[in-house]
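Descriptive structure summary
Take a look at the letters that make up each chain.
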Amino acid sequence: MLELDLQNASQASDLPGEEDFRRWCELALRQRSADSELTIRLVDEEEGRSLNHTWRHKDYATNVLSFPADIPDGPNGEPLLDIPLLGDLVICAPVVVREAEEQGKPVQAHWAHLVIHGCLHLLGYDHLEDAEAEEMEELERQLLAELGHPDPY
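Residues numbered from 1 in each chain as written. Predicted model: local features only at pLDDT ≥ 70, side-chain atom pairs only at ≥ 80, totals over all residues. Heavy atoms only, no water.

To continue, consider the packing of helix H3 (residues 93-103) against helix H4 (residues 107-122). Look at H3 against H4: their axes get within 9 Å of each other, and the N-to-C directions meet at 125°. On the basis of their axis angle, the class for H3 and H4 is oblique. With respect to the hand of their crossing, H3 and H4 are arranged in right-handed fashion. For the pair formed by H3 and H4, the contact residues are Ala 93, Val 96, Val 97, Glu 99, Ala 100 and Gln 103 on the first element and Val 107, His 110, Trp 111 and Leu 114 on the second. Along the lines of polarity and charge, the residues of the contact of H3 with H4 split into seven nonpolar, two polar and one charged. (Axes fitted to C-alpha atoms, helices over the stretch in contact; angles between N-to-C directions. Helix = DSSP H or I, 4+ residues; strand = E, 2+ residues; numbered from the N terminus. Parallel < 35°, antiparallel > 145°, perpendicular 65-115°, else oblique. Left-handed = near helix turned anticlockwise from the far one by under 90°. Contact = heavy atoms within 4.5 Å. Nonpolar A, V, L, I, M, F, W, Y, C, P; charged D, E, K, R; others polar.)

Structure representation (structure tokens):
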């Protein structure tokens, strides 16, 4: 089961509905057998830029930031607490819309891609190394295809 806390701190109009965010998260997280809790916060460029500067030392608003839950490990390396908390996603609504327009993508498809991308980060996927990037991008392609969306890359 997914517990989703959707926070809208954006002035943007035409945002996807909670049911869309839930569907995209559930699709990305279905490989996880345990319950999942996460927060998605929709922000405008000022907050997005501030968070990106604070956490990534980049002075611009980016499309999605992922903040995995920091659950301490026990003595055997397993999480000390057995809780379903995955973490938080912060998505900058104006950046999502602008990127979709610049890249000639349907806005809804770009929203779906970024939510799935962020959820995969919360599950531990990354794209720092070429092999990791290929694995993550292929999974994103498969999940988006299930939604009827084209290859985002």
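Past the structure itself, the notes keep going.
Bringing the side chain of His 110 into the picture now. One can find His 110 in helix H4. Using a relative accessible area of 3% as the deciding quantity, one classes His 110 as buried. Only 2.8 Å separates the side chain of His 110 from the side chain of Glu 99, close enough to count as a polar contact. In this structure His 110 touches Val 96, Glu 99, Ala 100, Gln 103 and Lys 105, once residues within four positions along its chain are discounted. (Buried < 20%, exposed > 50% of the residue type's maximum accessible area, 1.4 Å probe, protein only. Polar contact = N/O pair within 3.5 Å; in protein donor to acceptor, adjacent residues only side chain to side chain.)

There is about 450 Å³ of room inside the largest pocket. Lining the largest pocket are 22 residues, with Asn 63, Val 64, His 117, His 121 and His 127 positioned closest to its centre. The set of elements that each furnish at least two residues to the lining of the largest pocket consists of strand S3 (64-68), H3 and H4. When residues in the lining of the largest pocket are grouped by element, the largest group, five residues, is from H4. By residue class, the composition of the lining of the largest pocket is eight nonpolar, 10 polar and four charged. (1 Å grid on protein atoms, 1.4 Å probe; cavity = no way out; pocket = protein on both sides within 12 Å on 5 of 7 lines; lining within 4 Å. Points joined across faces, edges and corners; volume = space filled by probe spheres on them.)

A few words on the pattern of salt bridges. As enumerated under the stated definition, the model contains eight salt bridges in all. Taking the shortest distance from any N to any O, the salt bridge between Arg 23 and Asp 20 comes out at 3.3 Å. One end of the pair is Arg 23 and the other is Asp 20, both in helix H1 (residues 18-29) and three residues apart, which spans about a single turn. Residue Asp 20 is classed as buried on the basis of its relative accessible area, which comes to 12%. Put simply, Arg 141 and Asp 151 hold a salt bridge, and the shortest N to O gap is 2.8 Å. Taken together, the residues Arg 141 in helix H5 (residues 130-146) and Asp 151 in the segment after H5 connect sequence positions 10 residues apart. The partly exposed category is assigned to Asp 151, whose relative accessible area is 44%. Here the residues in one salt-bridge network are Glu 138, Arg 141 and Asp 151, joined through shared partners. (Salt bridge = Lys/Arg side-chain N within 4 Å of Asp/Glu carboxyl O.)

Considered for burial, the residues of H3 that qualify are Ala 93, Val 95, Val 96, Glu 99 and Ala 100. Buried residues in H3, looked at end-on, bunch into an arc of 165°, giving them a common side. Opposite its buried face, H3 presents the exposed residues Glu 101 and Glu 102, each directed more than 90 degrees away. Against strand S2 (36-43), helix H2 (45-56), strand S4 (85-92) and H4 lie the buried residues of H3. Positive backbone phi, at 65°, marks Gly 104, one or two positions downstream of H3. (Arc of directions from axis to C-beta.)

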